[in-house]
Protein chains: 6
Amino acid sequence: MFATEKLIRMALEEDLGSGDVTTLSTVPPGTMARALIKAKQECVVAGIQVTGLVFRTLDPSLKIEARVADGDRLQVGAPLMSVTGNVSSILMAERVALNFVQRLCGVATLTARFVAAVAETEAEIVDTRKTTPGWRSLEKYAVQVGGGRNHRHGLFDGILIKDNHIKAAGTITDAINHAQRMAPHGLKIEVEAADLNEVKEAARSGADIILLDNMDDTLLRQAVSFVREHYPAIKLEASGGIVLANVAQVAACGVDFISVGALTHSAPAIDISLDLVS
Amino acid sequence: MFATEKLIRMALEEDLGSGDVTTLSTVPPGTMARALIKAKQECVVAGIQVTGLVFRTLDPSLKIEARVADGDRLQVGAPLMSVTGNVSSILMAERVALNFVQRLCGVATLTARFVAAVAETEAEIVDTRKTTPGWRSLEKYAVQVGGGRNHRHGLFDGILIKDNHIKAAGTITDAINHAQRMAPHGLKIEVEAADLNEVKEAARSGADIILLDNMDDTLLRQAVSFVREHYPAIKLEASGGIVLANVAQVAACGVDFISVGALTHSAPAIDISLDLVS
Amino acid sequence: MFATEKLIRMALEEDLGSGDVTTLSTVPPGTMARALIKAKQECVVAGIQVTGLVFRTLDPSLKIEARVADGDRLQVGAPLMSVTGNVSSILMAERVALNFVQRLCGVATLTARFVAAVAETEAEIVDTRKTTPGWRSLEKYAVQVGGGRNHRHGLFDGILIKDNHIKAAGTITDAINHAQRMAPHGLKIEVEAADLNEVKEAARSGADIILLDNMDDTLLRQAVSFVREHYPAIKLEASGGIVLANVAQVAACGVDFISVGALTHSAPAIDISLDLVS
Amino acid sequence: MFATEKLIRMALEEDLGSGDVTTLSTVPPGTMARALIKAKQECVVAGIQVTGLVFRTLDPSLKIEARVADGDRLQVGAPLMSVTGNVSSILMAERVALNFVQRLCGVATLTARFVAAVAETEAEIVDTRKTTPGWRSLEKYAVQVGGGRNHRHGLFDGILIKDNHIKAAGTITDAINHAQRMAPHGLKIEVEAADLNEVKEAARSGADIILLDNMDDTLLRQAVSFVREHYPAIKLEASGGIVLANVAQVAACGVDFISVGALTHSAPAIDISLDLVS
Amino acid sequence: MFATEKLIRMALEEDLGSGDVTTLSTVPPGTMARALIKAKQECVVAGIQVTGLVFRTLDPSLKIEARVADGDRLQVGAPLMSVTGNVSSILMAERVALNFVQRLCGVATLTARFVAAVAETEAEIVDTRKTTPGWRSLEKYAVQVGGGRNHRHGLFDGILIKDNHIKAAGTITDAINHAQRMAPHGLKIEVEAADLNEVKEAARSGADIILLDNMDDTLLRQAVSFVREHYPAIKLEASGGIVLANVAQVAACGVDFISVGALTHSAPAIDISLDLVS
Amino acid sequence: MFATEKLIRMALEEDLGSGDVTTLSTVPPGTMARALIKAKQECVVAGIQVTGLVFRTLDPSLKIEARVADGDRLQVGAPLMSVTGNVSSILMAERVALNFVQRLCGVATLTARFVAAVAETEAEIVDTRKTTPGWRSLEKYAVQVGGGRNHRHGLFDGILIKDNHIKAAGTITDAINHAQRMAPHGLKIEVEAADLNEVKEAARSGADIILLDNMDDTLLRQAVSFVREHYPAIKLEASGGIVLANVAQVAACGVDFISVGALTHSAPAIDISLDLVS
C-alpha cells in the first residue's frame with residue numbers, strides 16, 4: 001500500500017539528485033507565489049491526489065487546491081489545481097508532478113474513448129497486466145477513472161490459465177482440475193481458449209470465465225452463442241488486437257468483457273503545464 | 001546507480017504479490033523449458049539487458065541468450081532472446097519482462113524515426129525531462145539507442161534558466177549573472193528565449209546555449225542567423241510543439257539541437273511476446 | 001515476493017546488532033566445524049529452505065544439507081539438516097535460524113493434527129488472516145505443509161463480506177450487488193451469515209461461498225441442508241470457536257471448509273536444537 | 001529504533017497488498033464510525049501504543065483513545081481502546097492491529113503467570129533470545145509489561161559463553177580469559193555450566209554470572225550453596241525445561257534469575273475483537 | 001534528495017540500537033527540561049538545521065530554537081541552539097546530534113581559513129570529491145557556508161578528464177573530441193594537465209577549464225600567462241598538495257580556482273557540548 | 001550487520017548518481033587494465049576488505065588482490081592492493097574506494113600513535129561514541145586495528161551514568177540503584193565522577209567502573225589511590241581533554257582505560273592514490 005509514495009520519492013530523487021542548480025542559483029530564497037496547472041488539451045482528469053502529493057512530499061508547506069475532480073472532462077485551458085507557497089519548491093517539484101498527471105490523464109482519456117465506443121452494448125472495457133513497471137496501481141486507478149473496470153491486479157488475485165499453463169498441465173481439463181483443488185477457494189477460474197473446441201472443454205470442465213483470445217467476429221459469435229445456451233453462468237471476455245476502430249464490433253458479438261492492453265501501455269500523455277500566476 | 005534494480009523489484013512485487021496462483025496450481029514443479037521472446041512489429045531494439053535482468057532477479061538459475069543487440073532494427077517475428085530453465089519461473093517473470101522491453105523498444109523506435117527525419121541536417125535530436133517517473137535512466141538510455149542524444153539528466157547536471165526563473169531573478173541578465181557566480185563552474189548556462197530580444201539579451205549576458213521556445217520558422221531563422229553571426233560559440237536548441245511532421249522543417253532552420261518530449265512520454269509500446277518452444 | 005528475505009535480514013539485524021561479542025572474543029577466527037539441527041519433540045517439519053537461507057544470508061560459504069523434506073513427520077532426535085563451515089558464522093546465525101524453524105514446524109504440526117481430526121469427512125481445514133505480522137507467507141506455507149489449505153492471502157485476493165460491511169452497505173443483498181458490479185470479476189464473493197435467514201438472503205443474492213459464523217451444530221446442519229438442496233453450487237465454510245476437541249463434530253455437519261485461527265496465532269513452538277558435531 | 005514502524009508497514013503491506021477489495025466495493029466512501037476493541041478473555045494488556053500506531057499508519061486521521069494501560073489486568077469484555085474515523089480505514093487496519101495486540105497480550109499474560117508463580121521467592125523471571133523473528137523488541141517489551149525482566153537483547157549486549165564457545169576456546173578458563181581481554185569492558189561475563197565442576201571453574205576464572213543449565217533440584221541447590229559461600233558477588237541463573245508446573249520449585253533452590261523461552265515462543269494469543277459501535 | 005534524512009536514521013540506529021539502557025533505567029519517564037548546545041572552541045557554524053532534525057527525528061515533540069545562523073562566527077561558550085522537551089529524548093539524541101554539528105562546523109571553519117588566506121586575490125577556494133562516504137551533500141554544504149565554492153557534486157554533473165581517461169582515449173585531443181560528441185551538451189569540459197604542453201593541447205582542443213595538477217609556482221605562472229593571452233575564455237584551476245601554508249602563494253599565480261581535498265577529508269571536529277540548563 | 005554494505009551503496013549513489021559522464025564519453029567500453037592502490041604517507045593500514053567491497057559492489061567481475069593486511073605499517077609508496085578488470089568500472093569506483101580507505105587508515109594510524117605513547121603503562125586506549133554518523137562500526141574497527149580497545153558500541157550495550165542522568169535520578173546512589181534493578185543483568189555499571197566525593201559515592205553504591213572526567217593529575221592519582229585501596233574490583237577510566245602530548249602523563253596516574261574522542265572525530269585522512277599500471 002506504500003507503492004505510490006515510494007514511486008514519488010524515486011521520481012523526485014531521479015530528477016533532483018544532488019539539487020536543482022538552476023533554481024538554487026537564480027531564485028532568491030524565500031520568494032512566494034501561486035502557480036496554476038492547466039490542461040492544454042481536452043482530457044479526462046486523473047491523478048489530482050498523487051500530483052498534489054508530489055508537491056507536498058518535496059515541501060509539506062505547499063498549499064494545494066484542486067479545481068477539478070478525477071473523472072471530470074476538461075476543455076483546453078481549464079485549470080486542474082493551484083499550488084501556493086515557496087517558488088523554489090514549486091519549480092523543483094513541477095516537472096515530476098506534471099510527469100505524473102500527464103500520464104494518468106492520458107490513460108483515463110484513452111479509456112474513456114474505448115468505453116464510449118461500446119456504450120450501446122453490455123460489454124465492459126477492462127485493463128490488463130500490460131502496465132508500466134512501477135505504475136500498476138496508478139494506471140489501474142486511471143482506468144477506473146476513465147470508466148473502465150479492473151481485471152485482476154496481478155498474478156496473485158485471479159486465476160487465468162493460458163496456453164502455456166495448459167501445455168504444462170496436459171489438457172485444459174487437467175489444468176482446471178488442479179486449480180480447483182489447489183488454489184485459494186475464493187478465486188474464480190478463467191481459461192484462455194483459441195477455438196470452439198477449447199471453449200467447450202473449458203466450459204465442461206468448470207471454468208468460471210472463458211477468455212476468447214484473438215478470435216474473429218464469426219468465431220466470437222459462435223462461442224458466445226454456445227456458452228449462453230449451455231453454460232449461462234459462465235462469463236466471456238474478448239482479448240487480442242482490439243483497437244478503437246474495432247472495439248464496438250467486438251462488443252456487438254455479445255461478450256461480457258473486452259480487455260485492452262493499450263489503455264495502459266500506449267496511452268499518449270496529455271499536454272499539461274504549470275505557470276506562476278502571482 | 002541502483003535505480004534499475006530497484007524498479008525491477010518493485011515491478012516484480014506489484015505483479016507477483018503473494019504468489020502466482022495460476023502457475024502454482026497448474027504447472028508441475030520442476031518442469032523445464034525454453035522460451036523465445038519475439039517482436040510482433042518492426043522496431044529498434046532497446047532493453048535486452050534489463051529484460052534479462054528481470055528473469056534473473058526472479059530466478060538466478062534462468063539462462064538468458066540474447067539474439068540481437070540494442071540498436072538493431074528488427075523485422076516482424078524476429079527473436080530478441082531466449083530464456084531457458086524452470087517453466088514456472090519463466091511464466092512468473094514473463095509479463096514484467098515484456099512490460100520493460102515493449103516500452104524501451106517503443107522509445108528507441110520513435111526516437112529513430114525522429115533522427116531519420118533530420119538526417120540531412122546538422123541538428124541532433126535530444127530528449128527532455130518529460131519522462132515516466134521511475135524510468136528516467138532507462139528511457140534516456142533508449143533515446144541514445146535510437147540515435148538521439150541526451151539533454152541533462154535532471155535538475156542537477158545542467159543549468160536551464162526558464163521564464164519563471166527569469167521572473168524571480170528580475171531579468172535575463174540578472175539570472176545569468178547569478179548563475180555564473182553561484183553554480184558549479186563545470187556547468188554551461190542555457191537560457192530560454194521566446195523572442196529575438198530575449199535571444200539578444202541572453203547572448204550578450206553570457207549564455208552558453210539558448211533555447212528557442214515555441215518559435216515559428218521565420219523567428220527561428222532570424223535567431224539562428226543573429227547568433228551565428230555575432231556569437232558563434234553559442235549553441236542553439238529548438239523546443240516546443242515539435243512532431244514527426246514538422247521536425248525536418250525545424251532542423252532546416254539551422255539549430256544545433258531539437259528537444260522532443262514525446263520521445264519518452266508518448267512512445268507507443270512495441271508488441272512483443274514470449275512463447276515456450278520446447 | 002521479497003518479504004521472506006527481508007524478514008530474515010530484520011531477524012539477523014535484531015539479534016546481531018553491532019556484533020556477537022561472545023563469539024568474537026572466544027572463538028578463534030577461522031575454526032571450521034559441522035553442526036546438526038535436531039528435533040527434540042515429534043513434529044511435522046516445515047521451513048527447511050528458509051532455515052538454510054538464514055545461515056547463507058549471514059555467510060554464503062556455509063554448506064547446508066537437508067536431511068528431511070518439508071511435510072515429513074519426525075521422531076524425537078531426528079536430524080533436520082547439517083550446516084558445515086566457519087564455526088563463528090554457524091554460532092552467529094544459530095538462534096535466528098532455530099527461531100524460524102521452531103515456529104514453522106509448530107504451525108505445520110498443529111495443522112496436521114486438525115487435518116487428521118477431520119480425515120473421515122470431506123471438510124478441508126483452512127487458515128485465516130490471524131497470522132503473526134510479518135509472517136503471513138511463511139505461516140500460510142506451513143499450513144499447506146501440514147495438510148491444510150489456504151484461505152485468501154490478504155484483503156486483496158478474496159471478497160469476504162462481514163457484518164460490518166453489511167451494516168455499511170445496508171443489507172446483505174446490497175453488499176453483494178455492489179461487489180458484483182465493482183470488484184475484479186475473477187474473485188468469488190463470500191458472505192458471512194449468523195443465522196438461517198442470513199444464509200438464505202446471501203444464497204438468493206448470488207453469494208458464491210457462505211461463511212457460517214459461530215453456529216452450533218443444529219444450525220450448521222440446517223444451513224448445510226438448505227444450501228445443498230437449493231443452491232448446490234455454493235460452498236460452505238464454518239468458522240468461530242473451533243478447537244481440536246470439536247473440529248470433527250463440526251466437520252460432520254457437512255461443510256466444505258473449516259477455518260481455524262489458532263493454526264497460526266497459537267501454535268506452540270517445537271523444541272529444536274543445534275549441536276556442533278565435529 | 002525504527003524496527004517497529006518497519007514491522008507495522010510490512011504487516012499492512014502483506015494484508016492490504018493491492019487493496020481491500022471487499023471494503024472498496026461495499027462500504028460507501030466517507031462513512032464515519034467508532035469502533036471498540038475488546039478482550040474476549042481475561043488477560044494482562046500489552047501493546048496499546050503499537051496497536052494505535054497500526055491504525056494511524058494506515059490513516060493518520062483516525063482518532064485513538066486508550067481505555068486501559070499496558071500492564072492492566074482485564075476481565076472478559078473489557079474495552080482496550082476505541083478508534084474513531086473513516087470506517088473503511090478502520091476495517092482495512094482492523095486485522096493487522098488485532099494481530100499485534102493479541103500476540104503481545106498473550107506474551108504479557110503468560111509472563112505474569114510465571115512471575116506470580118515465583119512471587120514468594122527472590123528469583124526474577126527473565127526472557128531469552130527465543131523470540132519470533134522480527135519481534136524481538138516488541139516481545140521483550142511485553143515480557144517487561146508482564147512483570148518479567150529482560151535478559152540481553154541480542155548477541156551484542158551481553159556475553160554468554162556456552163558449551164560450543166568453550167569447546168572452541170579450549171576450556172572454560174581460556175574462554176573467560178579471552179573475553180576479559182577482548183570484549184568491551186562494560187559487559188559482564190556469563191558462563192554456562194552443566195555440572196558442579198564447571199560451576200567451580202567458571203567461578204574461579206572470574207565469571208560474573210553462571211547459567212545453571214538443565215540441572216535438577218539437587219544439583220541446583222549444591223551449585224547455589226557453593227557459590228553463595230565462596231563467590232557471593234556472582235549471580236546465578238537457572239535455565240532449561242522450565243514450565244509453569246515446576247518454576248516455583250526451581251525458584252525455591254535460591255537462584256537469582258530463571259530464564260523461560262516459552263514466554264515468547266509459545267504464548268497463545270489472547271482473543272480480542274473489534275466491533276463498530278456507532 | 002532524501003540522503004540526509006537517511007543518514008540521520010542510520011546514525012540514530014547505530015547509536016540507539018535496541019535502546020538506551022542508561023537513560024531507560026535512570027531517568028524518570030516524563031521529566032522535561034531545556035538543554036543548551038554550546039561551542040567550546042571558536043568556529044564558523046554549519047549544520048544548525050540538520051542538528052535540529054536529528055532531535056526531531058527521534059522525538060517530533062522536541063522544540064528547537066536556533067541561537068545562531070549557519071555562517072556565523074562563534075566565540076568560545078556561545079550557544080548554538082536550545083532544545084526543550086522530554087529529557088530522555090534529549091539525552092538519547094544528544095551524541096548523534098553533536099556528532100553531526102561538530103563535523104560540519106569543522107569543515108566550515110577550515111574552509112573559512114582557506115578563503116581568508118586568498119581574500120586578496122581573485123581565486124576561489126573549491127572542494128573536491130574527497131568527502132566522507134555518505135556525507136557528500138552535507139560536507140559540500142558546509143564548504144559553501146565557510147565561503148568556499150562547490151566543484152562538481154559527483155561524477156554525473158561535470159566532465160573532468162584525468163590522466164587515466166587520456167591514456168584510455170589515446171590523446172588529450174581524442175578525449176576532448178569524444179566528450180564533445182557524446183556527453184550532455186550542458187556540461188563544460190575540464191581537462192587535467194601536468195605540464196605546459198598538455199595545457200596547450202587541452203586549450204587548442206577545446207577544453208573549457210584546465211586543471212593544473214601539482215605544478216610549482218613557476219609552471220603555474222607560465223600556464224596562466226599562456227592561457228590568459230591565447231584563450232581568455234578558458235578557466236584555470238590549481239590542485240594538488242595545497243595547504244594553508246601555501247595557498248596564498250598559489251592564488252597569487254593568477255588561477256581562477258584552487259581545489260583543496262583537506263576541506264572535507266581532514267577538517268578536525270569542533271568541540272561542542274550539550275548541557276541541561278533547567 | 002548490513003550497515004557497511006548500505007553505506008557503500010549510499011556512497012556509490014552519491015558519487016555516481018545518473019552516471020560517470022567523463023568515463024562514459026572518453027573510455028572505450030571493454031578496455032581492461034590493472035590498477036594499484038598505494039600509500040603516499042606512512043600509515044597503519046585499515047579497511048582492506050571494505051575497500052575491495054566497494055569495487056565489487058560496483059562490478060562483481062573486478063578482481064581484488066590485497067598486498068597487505070589490516071594492522072600492517074606501511075612506508076611511503078607501498079602498495080595496498082591491486083584491482084584488475086574493466087577500466088571503466090575501476091575509474092567509476094576509484095574515488096569512493098579511496099574515500100573509505102584514506103579515512104580508516106587515518107583512524108588506525110592515529111590510534112597507533114596513542115597506543116605507542118602509553119605502551120610503558122598498563123593503561124589501554126579506548127574509543128568513544130564521538131564517531132562520524134554512519135561510520136560507527138567501521139571507525140571502531142579501525143581503532144581495534146590500530147591497537148585500541150572498543151568502549152561500548154552505542155547506548156544499548158553499556159551503562160554509563162553521566163552528570164545529566166544523575167541530576168534526573170537525584171543522586172549517584174539513586175541512579176546506580178535504579179540501574180541495578182532495571183537494566184539487563186549482563187551489563188556493568190559505569191558512573192562518571194568529577195571529584196573525589198563523587199568517586200567515593202559511586203564506589204560505595206556499587207559502580208563497576210568509574211569514569212574520571214576532566215581531572216588533573218593530582219586528582220587522578222588521589223582517585224586511583226583511593227579506589228585501588230578500598231575497592232580493588234572497580235575499573236577506572238580517564239576521559240576529557242586528552243591529546244597525544246599528555247596521554248602518557250595521564251596513563252602514568254594508574255588508570256585502566258583512557259578514552260579519546262579524537263581517534264574517530266579528528267583523525268586526518270591518509271593520502272592514498274590509485275594508478276593504472278597496465
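For clarity, every value in this text was computed on a predicted model and none was experimentally measured. (Residues numbered from 1 in each chain as written. Chains lettered and ligands numbered in written order. Predicted model: local features only at pLDDT ≥ 70, side-chain atom pairs only at ≥ 80, totals over all residues. Heavy atoms only, no water.)

Participant: Is there a simple way to think about the confidence of the model for chain A in this case?
Facilitator: Close reading of the predicted structure is inappropriate where its pLDDT is low. Mean pLDDT over chain A stands at 96; residues scoring 70 or higher make up 100%. Of the two predicted TM-score estimates for the complex, the pTM is 0.96 and the ipTM is 0.96. (pLDDT = per-residue confidence, 0-100.)

Participant: I'm lost on the packing of aromatic side chains in this one. Help?
Facilitator: Here the distance between the centres and the angle between the planes together describe a pair of aromatic rings. Applying the stated criterion across every chain yields a total of 15 aromatic pairs over all chains. In this structure, Arg-9 of chain B packs its charged tip against the face of Phe-2 of chain C, placed 3.9 Å from the ring centre. (Phe/Tyr/Trp six-rings, centres within 6.5 Å; stacked < 30°, edge-to-face > 60°. Lys NZ or Arg CZ within 6 Å of the ring centre and 35° of its normal.)

Participant: Is there a simple way to think about the interface of chain D and chain F in this case?
Facilitator: Note: interface size is frequently given as the accessible area lost on complex formation between the parts. At the interface, 20 residues of chain D touch 20 residues of chain F. Where chain D abuts chain F, roughly 1600 Å² becomes buried across the two surfaces, and 52% of that area is made up of carbon and sulfur atoms. The largest contributions to the chain D side of the interface with chain F come from Arg-149, His-185 and Lys-188 of chain D, which together make up 43% of the buried area. At the junction of chain D with chain F, the criterion picks out zero salt bridges. Counting across the interface, chain D meets chain F through 10 residue pairs in polar contact (both at pLDDT 80 or more). If one sorts the elements of the side of chain D that touches chain F by residue count, helix 7 (residues 172-182) of chain D sits on top with three residues. Along the lines of polarity and charge, the residues of the side of chain D that touches chain F split into eight nonpolar, five polar and seven charged. (Contact = heavy atoms within 4.5 Å. Buried area = accessible area lost by both parts, 1.4 Å probe. Salt bridge = Lys/Arg side-chain N within 4 Å of Asp/Glu carboxyl O. Polar contact = N/O pair within 3.5 Å; in protein donor to acceptor, adjacent residues only side chain to side chain. Helix = DSSP H or I, 4+ residues; strand = E, 2+ residues; numbered from the N terminus. Nonpolar A, V, L, I, M, F, W, Y, C, P; charged D, E, K, R; others polar.)

Participant: Hey, could you run me through the interface of chain B and chain A in this one?
Facilitator: Contacts between the two partners involve 65 residues from chain B, matched on the other side by 65 residues from chain A. For the pair chain B and chain A, the two sides together bury roughly 5200 Å², of which 57% comes from carbon and sulfur. Per-residue buried area on chain B facing chain A is highest for Glu-14, Pro-133 and Leu-155 of chain B; these three make up 14% of the total on that side. Linking chain B with chain A are four salt bridges, by the criterion used here. Across the pair Arg-129 of chain B and Asp-15 of chain A runs a salt bridge whose closest N-O atoms are separated by 2.8 Å. There are 26 residue pairs in polar contact (both at pLDDT 80 or more) connecting chain B and chain A. Elements with a minimum of two residues in the side of chain B that touches chain A: helix 1 (3-16), helix 2 (21-26), helix 4 (87-117), strand 7 (159-161), helix 6 (163-169), helix 7 (172-182) and strand 12 (272-276) of chain B. Among the residues forming the side of chain B that touches chain A, the class breakdown is 32 nonpolar, 20 polar and 13 charged.

Participant: How should the domain arrangement of chain A be read in this particular structure?
Facilitator: All names here are of chain A. When cut into domains, chain A gives domain 1 (2-108 + 267-276) and domain 2 (116-265). Here domain 1 and domain 2 have C-alpha centroids that lie 36 Å from each other. Listed per partner, the contact involves 16 residues of domain 1 and 14 residues of domain 2. When domain 1 packs against domain 2, the two sides together hide about 1100 Å² of surface, and 67% of this comes from carbon and sulfur. (Domains from an automatic or database assignment.)

Participant: Sorry, what's going on with the relation of the copies chain D and chain F here?
Facilitator: One copy of the chain maps onto the other through a rotation about an axis plus a displacement along that axis. Of the two same-sequence chains, chain D is brought onto chain F (RMSD 0.0 Å, axial shift 0.0 Å) by a rotation of 180°. Seen this way, the second copy is the image of the first under a two-fold rotation axis. A share of 100% of interface residues in chain D that are also interface residues in chain F marks the association as one of identical surfaces. (Least-squares fit on C-alpha atoms with pLDDT ≥ 70 in both.)

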